[in-house]
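Results of the structural survey
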Amino acid sequence: MDASPTKAPKDAETTPRKESPAIGIRMDNEVGEAEAAASSDRLAAIARGESFETATHEAILAETPVLEIEDFNLWYGEKQALFDNTLTIAKDKVTAMIGPSGCVKSTLLRSVNRMNDLVDSVRIEGDIRLDGDPIYGTRVDVIELRKRMGMVFQKPNPVPMSIYENVVYPLRVDGERNKAVLDEVCERSLRGGALWDEVKDRLKDSALGLSGGQQQRLCIARAIAAEPEVLLMDEPCSALDPLATQRIEDLIEELRGSYTVLIVTHNMQQASRTSDYTAFMYLGRLVEYGPTETLFVNPKLPETADYITGRFG
């Protein structure tokens, strides 16, 4: 395996923390009662499965795609969870998916690396392409596919081994035994995970002895050790305190431009701070998708404005 680094996060000291766009600027006195009532009727129509308008901003179409989700549907047995979702994930950008609890954002995220294959009775229609190649093709090697997509879960999940062995675990699985290679990848990945300076003198200690925020950054370091094309994050800060959350958000900022990041979050402020693009989902359907600042400040659809301003969700 070539141990030379092909991706390096931006220098944290030269990357200013992203400012959050103003959230919810359309107040009640701007949106009149008639428009609010119309929005409520449209949300009810979405819940009934009736046709509805969606909005995808043109800026996304100009980006280089790495993931393309097209007319994607998913069922658990007889129950449909995802409905005709179409969106393009831009290369080396951070894309956030927001929406109320239960709108199956995580289900769509897990469909991207076929984790839902592990659930009985799952059935899908539509297409997801990685670099133009369908990921649900009959000849696709699912294990190899997942190696191309690092995954970070809601709760940190270090394995009960040393810090060092946690980071190099993906390489061990691939049969890498060259200590020089493992050492280089360990340091590079821990630096990429903004953790090296904190653990460099105790790499042989158990990873379970780290704090929750450190464990989550360790999981990010492990995810990028194999140099994935896409980094998937499912509520990565939901189990963390505010200080640890800020460290993760700073880390996402450092990874911007070096990795394609797709993050699910219930925290709209977090989406506004960390992402280049935001997709608003409701009841398994994509409602609006566009540049984060535009979507938060000047959304095209009243449903998006209502969610951002807290009228529902």
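It should be emphasised that the depicted structure is a prediction, and the values quoted were computed from it without experimental measurement.

The strands making up a sheet associate through hydrogen bonds between their backbones, and the pairing can be parallel or antiparallel. Spatially, the four strands line up as an open sheet ordered β3-β2-β5-β6, and their pairing is antiparallel. What marks the edges here is a single partner per strand, and that holds for β3 (79-90) and β6 (133-134). In this structure, strand β5 (residues 122-130) lies alongside β6, joined through two bridges in antiparallel fashion. Paired with R129 across the two strands is P134, which belongs to β6. The strands that helix α3 (residues 105-112) touches are β2 (65-76), β3 and β5; relative to β2, the one it contacts most, it runs at about 120 degrees.

Taking 1.5 Å per residue as the helical rise, helix α8 (residues 212-225) with its 14 residues ought to reach 20 Å, and the 20 Å between its terminal C-alpha atoms agrees with that figure. Where burial is concerned, most of α8 is hidden: 13 out of the 14 residues are buried. Just downstream of α8 lies E227, where phi reads positive at about 55 degrees.

One pass over the structure, following the stated rule, counts two aromatic pairs. For the pair F72 and Y136, a centre-to-centre distance of 5.9 Å together with 35 degrees between the ring planes defines the contact as tilted. Here Y136 lies in the loop between β6 and α4 (142-147) and F72 lies in strand β2, a separation of 64 residues in the sequence. Of the two residues, F72 and Y136, both sit in the buried class.

The rules behind the values
Residues numbered from 1 in each chain as written. Predicted model: local features only at pLDDT ≥ 70, side-chain atom pairs only at ≥ 80, totals over all residues. Heavy atoms only, no water. Pairing = 2+ DSSP bridges. Helix = DSSP H or I, 4+ residues; strand = E, 2+ residues; numbered from the N terminus. Contact = heavy atoms within 4.5 Å. Axes fitted to C-alpha atoms, helices over the stretch in contact; angles between N-to-C directions. Expected span 1.5 Å × (residues − 1). Buried < 20%, exposed > 50% of the residue type's maximum accessible area, 1.4 Å probe, protein only. Phe/Tyr/Trp six-rings, centres within 6.5 Å; stacked < 30°, edge-to-face > 60°.

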